[in-house]
Amino acid sequence: MTTPERYNPRASEPKWQKAWDEARLFETDNADPRPKYYVLEMFPYPSGRIHIGHTRNYTMGDVVARHKRAMGYNVLHPMGWDAFGMPAENAAMQNKVHPRDWTYQNIGTMRAQLKLMGLSIDWSREFATCDVDYYHRQQMLFVDFLEAGLVGRRVSKVNWDPVDQTVLANEQVIDGKGWRSGAEVEQRELAQWVFKITDFSQDLLGSIDDLDGWPDKVRLMQRNWIGRSEGLSIRWALTPETAPEGETELEVYTTRPDTLFGSSFMAIAADHPLARKAAETNAALAAFCEECRRMGTSVTALETAEKKGFDTGIKVRHPFDADWELPVYVANFVLMDYGTGAIFGCPSGDQRDLDFARKYDLPVVPVVLPPDADAEDFAIGEEAWTGDGTMINSSFLDGMTPADAFAAIADRLEAMELDGRPQGDRQVQFKLRDWGISRQRYWGCPIPVVHCDDCGLVPVPKAQLPVTLPDDITFERPGNPLDHHPAWKHVDCPSCGKPARRETDTMDTFVDSSWYFARFTAPNEDAPTDPDAANAWLPVDQYIGGIEHAILHLLYSRFFARAMSRTGHMAVDEPFKGLFTQGMVVHETYRSEDGGWLDPGQVRIEGHDSNRKAFDADTGKPVTIGPLEKMSKSKKNTIGPEDITQSFGADTARWFMLSDSPPERDVEWTDSGAEGAHRFIQRVWRLVAGAAPTIAAGDPSAANGDFAAMRKAAHKALKGVGEDFERLAFNKAIARIHELVNAIAPVIERAGSGNDRAGKAAAHEALSILIQIMAPIAPHLAEECWAILGHADMVAKEPWPAFDPALIADDTIVLPVQINGKKRGEIAVARDAERDSVEASALELDAVQRHLNGAAPKKVIVVPGRIVNIVA
RNA sequence: GCCCCCUUGGCGGAACUGGUAGACGCAAGGGACUUAAAAUCCCUCGGCCUUCGGCCGUGCCGGUUCGAGUCCGGCAGGGGGCACCA
């Protein structure tokens, strides 16, 4: 046997990519009658260049797509670009490049990079969300949503940068200052467009139960985000002599009305109307309220913030005891936009309330007695009791469970009246708030509405769409370029024809990504969707993306599906049937002596394990090896696809990224790991190319001995890998493929050098199976091997082979034998051996005899096909 | 502060519903081939001991079980999410 040449990915990979393209293998026909399978990876933002970390989830999706295609499905596997957003405007300001040019240039670069990976994508359906053709349809959806009552206007607070004249995202506010201008950020109230996602709160929550193809973690995060609670709204009468002019009551929302008799204070938000009114005549209170507002939105500030309050002097009367007065505090931990912006504090039943009561010396009355506590001496110390128990110190509630007390209080308060209305009202509250979509920016989808002095807000008629972004804009002036573009901004009212003004807000980019998966099903349709196509393809069978989109993107998309169904664009409420959140690719970071980040290519590593040392390859100066971090441009720890395709090839990168680590976890990119993957690629090539001339396809059924065992190994691997792909367990599939190669390599050589025709046929069969199960992960190598094995067609066109069930089952199995739960030996028995004979052969073992020491076993447990355990 | 998850060799990880702990890979060590190197192939690779055998071992402590990495209770450490949500 001559030594085969090394496999050369630089030649093979472009060759097969071209062959797939020319055969239009991955272009999907909506009219194809086979069962559909829609696999989608979250589309990328065109930030500049792609690195290998980006390509891991595309590779996962590609393995699924190629496997499902072989399984006989009509597979849709498209790709596009989430192309609107702030980075393009930042680039425009920094580099004087037009956001559109910058974006499309990046798309061009990244598309070329992605294509190096050999992904089986239907590129004919590609679009970018900044394409006029796309956002035109998005404006049509907006108009339809508006008509259907799914869009509203709401005044909400925003972070305003007075220098840049722009609204800042939370992440752009650093220590209360604008990230670019450094100016003190103001809180401004702006009228904003919102999508009424809260109309669907209950549906969005309830339907999570049915999303069993989603990770539990994501389902839980969504449930928490929607945040349903059942409680009681209670109206408390203000003590008239303490109340500000015109105020008579305070309404609070509580989920623990059962603890009403343990209440000792009221706490209201700084923005609560009662607080504002009281502050008018109380300068110290006004100052405190101002301090609360300044605490703003920073989470870390809030985490460390001390619970603080300020006594307004106002008092309320307890609903069940007119003589019982409670003070009203303004507290920094009460939020105006949840519930009623006011709570009653029960220190014994809530830790935060307890901390507050201790600080301001308020009464702490236990009202729930823990099950194992003694009523005589139970007292609250440092910790509140939030658990179940028996009601005490609570008048007519005493002896009840908290749940019964909840009902009793609610019934009573609903029957009691204050100013002619019930004093209590059972309510369901959601944390979920409406989705504000207004962005005061240029590079986004224009909101197709005209402001007319006479007609008010007038949607742009569909016939006049799209409202396109003007090209002649400047970022020289601070603020939104659309706002100071007179020719674009000033238009006639579509309704009355008088001069009017365009809405200059553009849409949140989350809107763009909330329906792209539907557009892929009919990307050239005049309407936003072809409902037949959308209904046929959706839901996406397998959606793959990062955990960072677990809440907003997925929730907004679920809302959009419902809104689009309501407006007749499709009839699918849940857009994603299966969801998978993949881990990232991480890499070591390197810093030079002066603290700057270094590119891995610039670093030379010496030694290994704890003795590893790094040096600057040019200067020889020592380099600090930093922690593993997600690959990112800013830390320079990236590896580009072209770095890999120029050396090891895309298959090696694909193979390595899916091996070792389970797909939901991060994987560390190491040179030695990539080399290991490449060694295996080359090993398979040597095995196949070396054997191919000496073996031939034929009837392997007469193969015996090692050749028969080889067949069994191949069919078992075929079954296992298929199951692994179904579960996205790529790392296990790869381990199984390694095992198969280890098992068959020596047998293949013997088959090649011998004269056993059935053996040669078995070798050909085993190698063909090996190549087919590798093909979804290493498609280029697979094509090369497939051809050399003498197959006429491309492996990408071949159906997934069927395993022979007769070859999967073993006639004899090896059973471990334990004594008192410790393994002492093993026995080989027939698969269907009787219990008695298994027990008998286990007891014959030397090790068993030795441990029993002549005594009879107390008990023998035989788990068929599993284990024998002897209790001595 | 609240909620969730995780913890297995030097490393990444495997172990189906409680049934042989450490598959597979990486790193390391030894050997073969070679004038040499690369490549390749073979062997060793959790710890300890009295080494053809045995004891211990899946973060720690306890429990359930014939049998626990897996189930239960407690503790420790690490990671993630959050809108202080009443």
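In this text the structure is predicted, and so the values were computed from the model without any measurement.

Enquirer: How should the protein's contact with RNA strand B be read in this particular structure?
Expert: Residues in close proximity to RNA strand B total 54 residues, the closest being Trp 225, Thr 255, Glu 739, Arg 866 and Asn 869. Protein-adjacent atoms of RNA strand B, using a 4 Å cutoff, are sugar or phosphate at a proportion of 61%. Between Glu 739 and RNA strand B, the recorded distance is 2.6 Å, taken from a side-chain N or O atom to a sugar or linking oxygen. One of the side-chain N or O atoms of Asn 869 is found 2.5 Å from a base oxygen in RNA strand B.

Enquirer: Honestly, the sheet that holds strand β36 (residues 859–863) in this entry has me stumped. Any pointers?
Expert: The strands making up a sheet associate through backbone hydrogen bonding, with each pair oriented either parallel or antiparallel. Ordered by their spatial adjacency, 4 strands build an open sheet running β35-β34-β37-β36, and the pairing between neighbours is mixed. Each edge of the open sheet carries a strand with a single partner, namely β35 (822–830) and β36. On average, adjacent strands in this sheet sit at an angle of 20° to one another, irrespective of strand direction. Strands in contact with helix α26 (residues 835–844) are β34 (812–819), β35, β36 and β37 (867–871); relative to β36, the strand with the most contacts, it is inclined by about 120°.

Enquirer: Would you mind showing me how to read the pattern of salt bridges here?
Expert: Pairing between side chains of opposite charge can happen when their charged atoms approach one another. Taken as a whole and assessed by the stated rule, the structure comprises 47 salt bridges. Close ionic contact of Asp 508 with Arg 439 constitutes a salt bridge, the shortest N to O distance being 3.2 Å. Of the two residues, Asp 508 is situated in the loop between β25 (506–507) and α14 (509–512) and Arg 439 in strand β20 (residues 438–439); the sequence distance between them amounts to 69 residues. Classification of Arg 439 as partly exposed rests on a relative accessible area of 27%. Counted as one network, the salt bridges with shared partners bring together Asp 203, Arg 558, Arg 562 and Glu 574.

Enquirer: Explain the packing of helix α2 (residues 55–70) against helix α21 (residues 706–726) to me, please; I cannot follow it from the model alone.
Expert: For any two helices packed against each other, the geometry is given by the interaxial angle and the distance between the axes. One can describe the packing of α2 onto α21 by two numbers: an axis separation of 10 Å at closest approach and a directional angle of 125°. One finds that α2 runs oblique with respect to α21. When you trace α2 past α21, the crossing you get is left-handed. Contacts between α2 and α21 involve Val 63, His 67 and Lys 68 from the first element and Gly 722, Phe 725 and Glu 726 from the second. Taken together, the residues of the contact of α2 with α21 break down into 2 nonpolar, 2 polar and 2 charged.

Enquirer: So what exactly am I meant to see when it comes to the side chain of Asp 541 here?
Expert: Mapped onto the elements, Asp 541 comes out in the loop between α16 (531–537) and β26 (542–545). Exposure remark for Asp 541: the relative accessible area of 14% places this residue in the buried category. At 2.8 Å, the side chain of Asp 541 and the backbone nitrogen of Tyr 38 are in polar contact. If near-sequence neighbours (up to four positions away) are discounted, Asp 541 is found in contact with Lys 36, Tyr 37, Tyr 38, Lys 577 and Gly 578.

Enquirer: I would appreciate a short explanation of the environment of Leu 205 in the present structure.
Expert: Along the chain, the position of Leu 205 falls in helix α6 (residues 201–206). With 14 residues separating them in the primary sequence, Leu 205 and Arg 219 have C-alpha atoms 9.3 Å apart. Setting aside its immediate chain neighbours within four residues, Leu 205 contacts Arg 223, Ile 226, Arg 228 and Phe 430.

Enquirer: What's the story with the confidence of the model for chain A in this structure? I'm lost.
Expert: Do not read the predicted coordinates in detail wherever pLDDT is low. On average, residues of chain A score 89 in pLDDT, and 97% of them are at 70 or above. Mean pLDDT across the secondary structure elements of chain A bottoms out at helix α10 (residues 299–304), with 45, and peaks at strand β2 (residues 74–76), with 98. Taken together, the stretch residues 297–303 has pLDDT below 50 and engages in 4 contacts with residues farther than four places along the chain or on a different chain. Two numbers describe this predicted complex: its pTM, 0.92, and its ipTM, 0.93.

Enquirer: Please clarify how α26 should be interpreted in this entry.
Expert: Given 3.6 residues to a turn, an α-helix orients residues that are three or four positions apart in the same direction. Along α26, the residues classified as buried are Val 838, Glu 839, Ala 842 and Leu 843. End-on view of α26: buried residues confined to an arc of 130°, all on one side of the axis. Across from the buried face of α26, at angles greater than 90 degrees, the exposed residues are Asp 836 and Glu 844. On its buried side, α26 packs onto β34, β35, α27 (846–852), β36 and β37.

Enquirer: Got a minute to help me understand the pairing of strand β8 (residues 228–238) in this structure?
Expert: A regular strand places its side chains so that they alternate between the two faces of the sheet. With 9 of its 11 residues buried, β8 lies for the most part within the structure. Pairing analysis gives 7 bridges linking β8 to strand β18 (residues 424–430), with the strands arranged antiparallel. Bridge pairing in β18 places Gly 231 opposite Gln 427. Strand direction decides the pairing type here: β8 and strand β9 (residues 249–254), joined by 6 bridges, are antiparallel. Within the sheet, the bridge partner assigned to Ser 233 lies in β9 and is Tyr 253. Alignment of β8 against strand β11 (residues 309–318), held across 2 bridges, turns out to be antiparallel. Looking at β11, one finds that Leu 238 is bridged to Val 316.

Conventions and cut-offs
- Residues numbered from 1 in each chain as written.
- Chains lettered and ligands numbered in written order.
- Predicted model: local features only at pLDDT ≥ 70, side-chain atom pairs only at ≥ 80, totals over all residues.
- Heavy atoms only, no water.
- Near = heavy atom within 4 Å.
- Polar contact = N/O pair within 3.5 Å; in protein donor to acceptor, adjacent residues only side chain to side chain.
- Pairing = 2+ DSSP bridges.
- Helix = DSSP H or I, 4+ residues; strand = E, 2+ residues; numbered from the N terminus.
- Axes fitted to C-alpha atoms, helices over the stretch in contact; angles between N-to-C directions.
- Contact = heavy atoms within 4.5 Å.
- Salt bridge = Lys/Arg side-chain N within 4 Å of Asp/Glu carboxyl O.
- Buried < 20%, exposed > 50% of the residue type's maximum accessible area, 1.4 Å probe, protein only.
- Parallel < 35°, antiparallel > 145°, perpendicular 65-115°, else oblique.
- Left-handed = near helix turned anticlockwise from the far one by under 90°.
- Nonpolar A, V, L, I, M, F, W, Y, C, P; charged D, E, K, R; others polar.
- pLDDT = per-residue confidence, 0-100.
- Arc of directions from axis to C-beta.

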